[in-house]
Amino acid sequence: MSSLAAPATLPGSSSPAPASTSASADRSRSVFPWLLLAPFLLLVLVFTIVPLFGATVLSTQQTFGPGTSRFVGLSNFRGVLSDPLFWTAFKNTFVFTLGSVCVQLPLALCFAMLLNQPGIRGKTFFRLILFSPVLVGVVYVAMIFFVLFQKRTGLINQLLAGILPSWDVGFAWLDQYIMLALILATLWQYMGFNMVYFLAALQNVPKELNEAAKMDGANWWKRFRHVTLPAITPVGSFVVLLSIIGSFQVFELPFLLLQGSTGVDNKGLTIVGYLYQTGFQSGDLGYASAIGWTIAIVLAVCAGLQRLLSAGSEVSRGGKVARGGGAK
Amino acid sequence: MASIRFKNIIKRYENGALAVDDVSFDVADGAFCVLLGPSGCGKSTLLRMLAGLEAITRGDVFVGDARVNDRSPKDRDIAMVFQNYALYPHLSVLDNIAFPLEARGVGRKERRDRAAKVGSSVQLDGLLERKPAELSGGQRQRVALARAIIREPKAFLFDEPLSNLDAKMRQSMRAELRMLHRRLGVTSIYVTHDQEEAMALADQIVVMSAGEVRQIGAPMDVYNAPADRFVAGFVGVPAMNFLEGRVAIDASGVNFVCEGNLLPLPRNWGEALRSHIGTPLTLAVRPTAMRLTQSGVGMSLRVRGAELLGDQMDLHTLGPGNTPVVARVSSRVDVREGDTIRVSCDPIGTHIFQQGPFGLRVCGNWSETSNAEPSVASAFAAT
Amino acid sequence: MPAPKRESVTMWTFARMHADLYRPEIEAWNDEQTDSSRRVELSLIGVQAMEQRMMSAFLAGLPSADLIEAERRNAARAFAGPLESVGFLDLTPYVERDGIMNRVNAASFKPWTKDGRIFGLPHDVHPMMLAYRADIVEAAGIDVSKIETWDDFVRVMRPLLFKENGERRTDRYLLNIWETQIDLIEAMLLQGGGGVIDASGVPVIDNEANARVISQIALWTSGAEPIAAEVSFWDATGHQLMRDGFVIATFAPDWMCNYWRKEVPQLSGTMKLMPLPAWDKGGRRTSVWGGTMLGIPRTAKDPEKLWQIAKHLYLSRDLAHKLYERGDIVTPVSEFWQDDIYDKPDPFFMGQPKGRMYINLAPQVPDRFSSPFGAIALARTQSAVSQLCKVARDTKATNIDQLMPKAREFLAAAQEDAMRHVNRNVFFADSQKAAEVTP
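Residues numbered from 1 in each chain as written. Chains lettered and ligands numbered in written order. Predicted model: local features only at pLDDT ≥ 70, side-chain atom pairs only at ≥ 80, totals over all residues. Heavy atoms only, no water.

Re the interface of chain B and chain A
Item 1. Residue-level contacts link 28 residues of chain B with 24 residues of chain A.
Item 2. When chain B packs against chain A, close to 2300 Å² is buried across both sides, 61% of that on carbon and sulfur atoms.
Item 3. By the criterion of area lost to chain A, the three top residues of chain B are Y88(B), P89(B) and H90(B), representing 20% of everything that side buries.
Item 4. One can count 3 salt bridges joining chain B with chain A.
Item 5. Between R147(B) and D216(A) there is a salt bridge, with its nearest N and O atoms 3.5 Å apart.
Item 6. Connecting chain B to chain A are 7 residue pairs in polar contact (both at pLDDT 80 or more).
Item 7. Going through the elements one at a time, helix 1 (43-51), strand 6 (78-81), helix 2 (93-103) and helix 4 (137-149) of chain B are the ones with two or more residues in the side of chain B that touches chain A. (Contact = heavy atoms within 4.5 Å. Buried area = accessible area lost by both parts, 1.4 Å probe. Salt bridge = Lys/Arg side-chain N within 4 Å of Asp/Glu carboxyl O. Polar contact = N/O pair within 3.5 Å; in protein donor to acceptor, adjacent residues only side chain to side chain. Helix = DSSP H or I, 4+ residues; strand = E, 2+ residues; numbered from the N terminus.)

Given below as structure tokens:
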């Protein structure tokens, strides 16, 4: 520390007392950074740490209306895990997540690869077009798709009936097939957003590697598997994790599309929707907190898996770094 | 194996920039050809057009007798080694080497056996299960080589393969490449901006600049008889000194007059220079051809510094008209900064060019005056 | 910026129509006040936003507005927990002291009552009728006066039912109800003598009356010959379908008339109202949908003053008239029911004396009870309806007896789900015990 502090001593300062000078410099140096960090730390403390702690405490309590709470231990968690509705919500959310990840992300990657082709005209235009839905607030997305998905009058059913004469215009997007509708609406909204991530990742694919593979006689699929995929894996796994986190917290869209209900036979009930129902509609904030923590645990497991996966691909990334170093 | 032929190749990019301007030359079957030139001269573009990675605007490329313009890269039967090795980061060394075989549908057992054999031929034993990230730069370059070798192609293409290595490793890899070429005898085209590398490796050097070929020839031809001022300046370390002036021929002989300095030239150059009397010319002298003289002849140089190289040193001086001039002299000579020295020019290592960056050679040591090609030995003996 | 010292009375409402109605009244009131602390400031706040503000304040035990006009759903959130933790002031002593009970329709108090204590002054009765496309019905020579029961309704109206005939939008159904419209389903349950919450706030989903109603709904919407279809109330699509006559009849609580008048004026002169057909001969001919109360938060200062303002707004004859004139809403104050204003013919409904018709039905409006478990009970009931509709579709059911056993089964499961929440609630168990001991 003192060696670091030494340059702070002014050239003209008396040499007999360097120790005290450097000690006060030390002190100001150790206080000042904290001072700069203080607003951020304060906000984190007030709006993240305290509520987190509060939610933990709450999850072990039963609440019933204002000002009433009682410690119930882990009974909320037991209740959640043995609650068939929670599992319905979990299943729905899982299906939604799976749909988002397995449909949206490959599609986003496809579009990114299309746009990444050399010689495509109007790249910026298409990128903007595909990206722009994410700028639309979720409330408006819900309003738009609520109209589009209507039976009989909805544009989607009308369009499909126009294309396929056998299509049933009464197809109940918002009832029996609400998860499909949610996946499609989310696809529209976020595909372009994820595409931009992939596009950025694709621009990091070493050009020579693709050329080498081409010369080595690798076909499109082999080039994708051995060159593109390894290069975009770090970004890809991050996008997957973000999608899982986002999808697991899906709430606004079904809430708005189903106008506050949970859909036919709870087909539109999501975990956060159930959290809202128990906590804010029935006033059992403890139970809702337990549901919240359950999601948090599931997501933490997902994040852990992602870390493990990306640690596996670290070797290949290390290669790139080492190569960059070697160029010196 | 096959010869390579470039015929009137033109490359024009979409933005209109001309990268390669009507280039034609042949590379004999089994030859090691180096494309040499500064960056941006079009040498890599030429190589990439041969590889099929870059479209050819006009002209034809032949591998053997076959015109390959319209073939995809994999169907040209040529292998390429890239500057940054282009190894597949998630595959082991063995799988990297075997990759071209896998892509061609060779069975697993066979391709692993062959990859191991090729790997061992480039000293990769014991590293075959590692990932590229765990290898040194030289080892990675060997993997890239092995991956090219395993295909048994008609030609190898090298795109500055050694420039990511440190100086020592570069030298040893250079020697290895040379030996490998002898052993395999495959036609090779090698792109570099390092003239030393070109000298060391090539059977044939193609010097390029601004999309055009400046000179094609054996390394010593290019060194001893540079076709124009550009080649003269690009080949050889330290670089040639250039002095602007005129030629005067009188009873005393042939002289190059530069800001009042008289530099005597061989009498037999007079013939070639007669038609250029009065026009501005450029005298080019290799630093190694500078001779210290005591007499009044030659030009005077003001010493600004010296760079010690062992038993020789490079004197950095200012010549006539404050032109910087480097002279390589014995390090035993006692010279100090600020001294003025007088030098004459050894005809071997001295050339006269027309003015301008691409001024053609008017005359020089051997080519126009002697029918005999200079041997390597005599060229070096002269220094 | 320091908050200005709050001297006047603040009041929140969620409905623009209410705000427009109160504003002149409040201005007049304010002009009369010499004491500035009696002046009222009215804020119009979105219903969701208001619920969040109200509940945040109640949960934190902090002051919010002095008077809160709350809709039934969000007011119910405040009724969770033991009596002493309800965020609203117990108005029972005031109501009793001023003899309000006798002046107001009894059923209107029920949603705002918890364990016998009244927490809100009722704003409305909201009786429900059936609005039908009289132009179409009368053109077909159908006489609706013959209709007494739902069975009558379907039988008499059936000739109007259009089957799909190739052109997509010309098919026509008889009734506007569908499996996810839980508000309507609840209204139907209440009309049929059922409901999902009992007077003590406990879910009572599984009973014969409910089973019968949901079986009928499933049959109507999803049976072999559906007569009911979805026409959304709140968007342009639904409005267009209404204008197209896609359904003959739709449910119309008094406030709905006002909504149509403003949002679908093209319907004017095409519709008439009739009492709901009963489930059985001589049965209840109406139900109820929606509701608003005025409450005083427990944290408010000087409740006596606020009570006076509340009475002024809710019990004034003048305002009751304006409420009907501008909002089509019938007052819960029964002493005004005799007033002539309710006999005025309404051109929108082809000159029917709409107000009188609603008032005639007002005494029949069923009781409904508030409970923190109301939302869950309704959601579970809706699940049961959906399950039953699926059965009706799959089995191509033709009469309700085929569906009744399944209906009971699904309702029992729904009841069990709802009770899981009730039973694990230690406070609720306590208050139930207390309630059992007290009487």
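So, the domain arrangement of chain C
Residue and element names in this part refer to chain C.
Item 1. Domain boundaries assigned for chain C yield domain 1 (9-122 + 289-364) and domain 2 (128-288 + 367-423).
Item 2. Between the C-alpha centres of domain 1 and domain 2 there is a distance of 28 Å.
Item 3. Contact residues are listed per partner, giving 28 residues for domain 1 and 42 residues for domain 2.
Item 4. Overall, the association of domain 1 and domain 2 removes approximately 3300 Å² of surface from exposure, summing both partners, and the carbon and sulfur fraction of that is 57%.
Item 5. Looking only at domain 1, the three residues that lose the most surface to domain 2 are W289, F348 and Y358, adding up to 32% of its buried area.
Item 6. Where domain 1 touches domain 2, the interface holds 5 salt bridges.
Item 7. Taking the shortest distance from any N to any O, the salt bridge between R261 and D346 comes out at 2.8 Å.
Item 8. Summed over the shared surface of domain 1 and domain 2, the result is 15 residue pairs in polar contact (both at pLDDT 80 or more).
Item 9. Of all the secondary-structure elements, those providing two or more residues to the side of domain 1 that touches domain 2 are helix 3 (72-77), helix 12 (317-327) and helix 13 (354-361).
Item 10. Per-element accounting of the side of domain 1 that touches domain 2 gives the leading share, 4 residues, to helix 13. (Domains from an automatic or database assignment.)

Examining a nonpolar patch on the surface
Item 1. Taken together, the side chains of L42(A), L43(A), L45(A), V46(A), F47(A), I49(A) and V50(A) define a hydrophobic patch exposed on the protein surface, amounting to about 690 Å² of accessible area.
Item 2. Looking at the element boundaries, F47(A) is found in helix 2 (residues 18-59). (Patch = residues over 30% accessible without salt bridge, like charges linked within 9 Å, V, L, I, M, F, W, Y side chains within 5 Å. Areas by Shrake-Rupley, 256 points an atom, 1.4 Å probe, with all protein chains shown as cover.)

Details of the pairing of strand 12 (residues 292-295) of chain C
Residues and elements named next belong to chain C.
Item 1. Of the two faces of strand 12, the one lined by T292 and L294 and the one lined by M293 and G295 are each fully buried.
Item 2. Bridge analysis of strand 3 (residues 67-71) against strand 12 gives 4 bridges, and the strand direction is antiparallel. Paired with E69 across the bridge in strand 12 is L294.
Item 3. Of the strand pairs in this sheet, strand 6 (residues 121-122) and strand 12 are connected by 2 bridges, and their pairing is antiparallel. Counterpart to L121 in the pairing with strand 12 is L294. (Buried < 20%, exposed > 50% of the residue type's maximum accessible area, 1.4 Å probe, protein only. Pairing = 2+ DSSP bridges.)

A few points about the sheet that holds strand 5 (residues 66-67) of chain B
All names here are of chain B.
Item 1. The sheet built from 4 strands is open, its strands ordered 2-1-4-5 with antiparallel pairing. Among the strands making up the open sheet, the edge pair consists of strand 2 (18-27) and strand 5.
Item 2. Note that strand 1 (residues 4-12) and strand 2 share 6 bridges and pair antiparallel. What sits directly across from K11, in strand 2, is V20.
Item 3. Helix 1 contacts strand 1, strand 2 and strand 4 (58-63) of the sheet and is inclined by roughly 115° relative to strand 1. (Axes fitted to C-alpha atoms, helices over the stretch in contact; angles between N-to-C directions.)

Here's the deal with unusual backbone geometry
Glycine aside, a negative phi is what most residues show, and trans is what most peptide bonds show.
All names here are of chain B.
Item 1. Note the cis peptide between V237 and P238, where omega equals -10°.
Item 2. Looking at the element boundaries, P238 is found in the loop between helix 8 (229-234) and strand 11 (241-250).
Item 3. Backbone geometry at D22 places phi at a positive 55°, although glycine is not the residue there.
Item 4. Of note, A210 is a non-glycine position whose phi angle comes to about 50°, a positive value.
Item 5. On the secondary structure map, A210 appears in the loop between strand 9 (204-209) and strand 10 (212-217).

Re the interface of chain C and chain A
Item 1. With 41 residues of chain C at the interface, the matching set in chain A holds 38 residues.
Item 2. Together, the buried faces of chain C and chain A total about 3600 Å²; carbon and sulfur atoms form 53% of this surface.
Item 3. Remark: the boundary between chain C and chain A carries 2 salt bridges.
Item 4. Salt-bridge contacts for R424(C) lead to D284(A); the nearest nitrogen and oxygen are separated by 2.9 Å.
Item 5. If you look at where chain C meets chain A, you find 8 residue pairs in polar contact (both at pLDDT 80 or more).
Item 6. Counting only elements with at least two residues in the side of chain C that touches chain A, the list comes to helix 2 (47-60), helix 9 (236-244), helix 14 (374-395), helix 15 (404-423) and helix 16 (426-437) of chain C.

Examining the arrangement of the chains
Item 1. For the 2 pairs of chains in contact, the largest share of contacts goes to chains A and C.
Item 2. Regarding chain B and chain C, which are not in contact, the minimum distance between any of their C-alpha atoms is 51 Å.

A few points about the environment of I78(B)
Item 1. Summarising the element assignment, I78(B) is placed in strand 6.
Item 2. Look at I78(B) and you get buried, because its relative accessible area is 0%.
Item 3. Along the primary structure I78(B) and L50(B) are separated by 28 residues, whereas in three dimensions their C-alpha atoms are 8.8 Å apart.
Item 4. Beyond its immediate chain neighbours, meaning those up to four positions away, I78(B) contacts M215(A), L50(B), A51(B), R151(B), P153(B), A155(B) and L157(B).

Comments concerning the packing of aromatic side chains
Given two aromatic rings, one states the distance between the centres and the angle between the planes to describe the pair.
Item 1. One pass over the full model with this rule turns up 48 aromatic pairs over all chains.
Item 2. With centroids separated by 5.1 Å and ring planes inclined at 40°, the aromatic side chains of F149(A) and W173(A) adopt a geometry described as tilted. In this pair, F149(A) is assigned in the loop between helix 6 (138-148) and helix 7 (155-163) and W173(A) in the loop between helix 7 and helix 8 (178-202), connecting sequence segments 24 residues apart.
Item 3. By relative accessible area, which is 1% here, F149(A) ends up buried.
Item 4. Judged by its relative accessible area of 5%, W173(A) is buried.
Item 5. Pairing W255(C) with W289(C) gives two aromatic rings, centres 5.2 Å apart and planes at 75°, and the pair type is edge-to-face. Of this pair, W255(C) sits in helix 10 (residues 254-263) while W289(C) sits in the loop between strand 11 (271-275) and strand 12; the two residues are 34 residues apart in sequence, bridging distant segments of the chain.
Item 6. Here a set of aromatic residues connected by ring pairs shows up, and it is made of F145(A), F149(A), W167(A), F171(A), W173(A), Y177(A) and W188(A).
Item 7. Above the face of the F358(B) ring, R214(B) is positioned so that its terminal group lies 3.7 Å from the ring centre. (Phe/Tyr/Trp six-rings, centres within 6.5 Å; stacked < 30°, edge-to-face > 60°. Lys NZ or Arg CZ within 6 Å of the ring centre and 35° of its normal.)

A few points about the pattern of salt bridges
Where charged atoms from two side chains of opposite charge come close, those side chains can pair.
Residue and element names in this part refer to chain C.
Item 1. Scanning the model with the defined rule gives 52 salt bridges over all chains in all.
Item 2. The salt bridge involving K354 is made with D346; its shortest N-O contact spans 3.0 Å. Accessibility assignment for this pair places K354 and D346 in one class, buried.
Item 3. A salt bridge links K406 to E409; its shortest N-O distance comes to 3.7 Å.

Section: helix 4 (residues 84-116) of chain A
Item 1. For helix 4 of chain A, with 33 residues, the first-to-last C-alpha span of 46 Å sits near the 48 Å given by 1.5 Å per residue.
Item 2. Here helix 4 of chain A starts with a cap whose side-chain oxygen sits 2.8 Å from the backbone nitrogen of L85(A), and that cap is D83(A). (Expected span 1.5 Å × (residues − 1).)

Quick notes on the confidence of the model for chain C
Residues and elements named next belong to chain C.
Item 1. For chain C, the average pLDDT comes to 90, and 95% of its residues sit at 70 or higher.
Item 2. Predicted confidence is poor over residues 166-170, with pLDDT under 50, and the contacts of this stretch with residues over four places away or in other chains come to 7 contacts.
Item 3. In the predicted complex, the global pTM is 0.76; the interface-specific ipTM is 0.79. (pLDDT = per-residue confidence, 0-100.)

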